[in-house]
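Each chain, letter by letter, is given below.
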Amino acid sequence: VQLQASGGGLVQPGDSLRLSCVVSGMPFSRYDMAWFRQAPGKEREFVAAIRKTNSNPIYTNSVKGRFTMSRDRSKNMVTLQMNSLKPEDTAVYYCAADSSLILSSISNPTAYDYWGQGTQVTVSS
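Residues numbered from 1 in each chain as written. Predicted model: local features only at pLDDT ≥ 70, side-chain atom pairs only at ≥ 80, totals over all residues. Heavy atoms only, no water.

Novice: Can you tell me about the overall build of the protein, naming the residues and giving the values?
Specialist: In terms of helices and strands, the protein carries 0 helices and 11 strands. Starting at the N terminus and walking to the C terminus, you meet the elements of the protein as β-β-β-β-β-β-β-β-β-β-β. Taking 2.2 N^0.38 as the reference for a compact globule, 125 residues should give roughly 14 Å; the C-alpha atoms of the protein span a radius of gyration of 13 Å, in line with that estimate. Referenced to the eigenvectors of the C-alpha coordinate spread, the extents of the protein come out at roughly 40 × 30 × 25 Å. In the protein, 58% of the contacts between residues at least 6 apart in sequence involve partners at least 24 apart. Here the protein has roughly 6200 Å² of accessible surface; of this, 46% comes from carbon and sulfur atoms. (Helix = DSSP H or I, 4+ residues; strand = E, 2+ residues; numbered from the N terminus. Rg over C-alpha atoms; globule rule 2.2 N^0.38 Å. Contact = heavy atoms within 4.5 Å. Areas by Shrake-Rupley, 256 points an atom, 1.4 Å probe, with all protein chains shown as cover.)

And the structure:
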């Protein structure tokens, strides 16, 4: 099982970035997918998730209206479109997957079995 995240970079406040996470080695359609982030000295934080049923994504409050998560079954990929980026969005972003997630655990990083390697997002002027 492999999750390969990409798309991070250094941008200015107000700019946009699009993260991608390609999944291989597992039946993509059976997994709930999520994005987390971790800033230096802080705990890993939930950002967004999308269920295997492809229902509406779930977002943490701080990114609602700015970030959009989507799922492309034809490419075994999830993306995170990040607009109006702020310095506080600076972190390493990780994609995660799990096949037996319950809704109440969707924002709990310990509930996910598989993780990508992370991609750095830095928002600075």
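Novice: Could you give an account of the state of the cysteines, naming the residues involved and the relevant values?
Specialist: Under the definition given, this model contains 1 disulfide. Across the disulfide from C21 sits C95; the S-S distance is 2.1 Å. Handedness here is read from the sign of the S-S torsion; for C21 and C95, about 65 degrees, the answer is right-handed. Linking C21 in strand 3 (residues 17–24) with C95 in strand 9 (residues 91–98), this pair joins segments that are 74 residues apart in sequence. We classify C21 as buried; its relative accessible area is 0%. Overall, the relative accessible area of 0% leaves C95 in the buried class. (Disulfide = S-S within 2.5 Å. Buried < 20%, exposed > 50% of the residue type's maximum accessible area, 1.4 Å probe, protein only.)

Novice: Residue-level account of the sheet that holds strand 7 (residues 67–72), with values.
Specialist: Hydrogen bonds between backbone atoms are what pair the strands of a sheet, whose relative direction is either parallel or antiparallel. Read across the open sheet, the 4 strands follow the order 1-3-8-7; overall the sheet is antiparallel. Each of the sheet's edge strands pairs with one partner strand only, and the pair in question is strand 1 (2–6) and strand 7. Pairs of neighbouring strands in the sheet enclose a mean axial angle of 15 degrees, with direction left out of account. In this sheet, strand 8 (residues 77–82) lies alongside strand 7 in antiparallel orientation, the contact comprising 6 bridges. When the bridges of strand 8 are listed, R71 appears paired with V78. (Pairing = 2+ DSSP bridges. Axes fitted to C-alpha atoms, helices over the stretch in contact; angles between N-to-C directions.)

Novice: An account of the confidence of the model for the protein is requested, with residue identities and associated values reported.
Specialist: In the predicted model, the protein carries a mean pLDDT of 95, and the fraction of residues at 70 or more is 100%. No element of the protein has a lower mean pLDDT than strand 1, which averages 95, and none a higher one than strand 11 (residues 119–123), which averages 98. (pLDDT = per-residue confidence, 0-100.)

Novice: Summarise the packing of aromatic side chains; cite the residues concerned and give the values.
Specialist: Counted by the stated rule, this structure contains 6 aromatic pairs. Relative to W115, the ring of F36 has its centre 5.1 Å away and its plane inclined at 55 degrees; by these criteria the two rings are tilted. Of this pair, F36 sits in strand 4 (residues 32–38) while W115 sits in strand 10 (residues 114–115), and the two are 79 residues apart along the sequence. In this structure F36 comes out as buried when scored by relative accessible area, which is 0%. Residue classification places W115 among the partly exposed residues on the basis of a relative accessible area of 26%. Each ring, one from Y94 and one from W115, has its centre 6.4 Å from the other, and the planes form 80 degrees; the classification is edge-to-face. (Phe/Tyr/Trp six-rings, centres within 6.5 Å; stacked < 30°, edge-to-face > 60°.)

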